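These are the residues of each chain, in order.
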Amino acid sequence: MIDVEKCPKSYLGLAMIATFIFFSPLGFIAIYNGAFVKKYWDYGDLDKAMEKSKKARIWSWIAIITSMIVIITIIQLIEN
């Protein structure tokens, strides 16, 4: 059940970690989506707010995982 009393998470913290700690440009997509969660919530567009929240979470994890794969690959190439 969706709690319509609370604004969905924006995942901006996770998006910023993905962008600035993991140096992933894909994190900017997550930041973009997360920035609109509250705006859509305030406008009363609950579905769009939920959609932006979900996209922010997904793009944050995509950014983190792809960055980890790239970092591990680079480390492996350097060691060989």
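You'll find the structure just up there.
All of these numbers come straight from a predicted model, not from anything done at the bench.

Each helix and strand counted, the chain has 4 helices and 0 strands in total. When the helices and strands of the chain are listed from N to C terminus, the series reads α-α-α-α. Here the C-alpha radius of gyration of the chain, 15 Å, is well above what a compact globule of 80 residues would show, namely 12 Å. Along the first, second and third principal axes, the C-alpha set of the chain runs to 55 × 20 × 15 Å. Residues counted as buried form 26% of the 80 residues belonging to the chain. Intrachain contacts of the chain at a sequence separation of at least 6 include 63% that bridge at least 24 residues. Here the chain displays about 5,700 Å² of accessible surface, and carbon together with sulfur accounts for 68% of that area. Of the side chains in the chain, 9 bear a positive and 7 a negative charge, and the two mean positions are spaced by 3 Å.

Checked against the element boundaries, asparagine 33 lands in helix 2 (residues 27-35). Sequence separation of asparagine 33 and leucine 12 is 21 residues, and the distance between their C-alpha atoms is 8.7 Å. For asparagine 33, the contacting residues outside a window of four places in its chain are Lys52, Lys55, Ala56 and Trp59.

Scanning the entire structure with this criterion turns up 3 aromatic pairs. Between the aromatic rings of phenylalanine 20 and phenylalanine 28, the centroid separation amounts to 6.2 Å while the plane-to-plane angle is 90°, which identifies the pairing as edge-to-face. Judged by its relative accessible area of 51%, phenylalanine 20 is exposed. Consider the rings of tyrosine 32 and phenylalanine 36, whose centres lie 5.0 Å apart with planes at 65°: the pair is edge-to-face. Taking relative accessible area as the criterion, phenylalanine 36 reaches 24% and is therefore assigned partly exposed. Connected via pairs of aromatic rings, a cluster forms that spans Tyr32, Phe36 and Tyr40.

Calculation rules
- Residues numbered from 1 in each chain as written.
- Predicted model: local features only at pLDDT ≥ 70, side-chain atom pairs only at ≥ 80, totals over all residues.
- Heavy atoms only, no water.
- Helix = DSSP H or I, 4+ residues; strand = E, 2+ residues; numbered from the N terminus.
- Rg over C-alpha atoms; globule rule 2.2 N^0.38 Å.
- Buried < 20%, exposed > 50% of the residue type's maximum accessible area, 1.4 Å probe, protein only.
- Contact = heavy atoms within 4.5 Å.
- Areas by Shrake-Rupley, 256 points an atom, 1.4 Å probe, with all protein chains shown as cover.
- Lys, Arg positive; Asp, Glu negative; His and termini not counted.
- Charge placed at Lys NZ, Arg CZ, Asp CG, Glu CD.
- Phe/Tyr/Trp six-rings, centres within 6.5 Å; stacked < 30°, edge-to-face > 60°.

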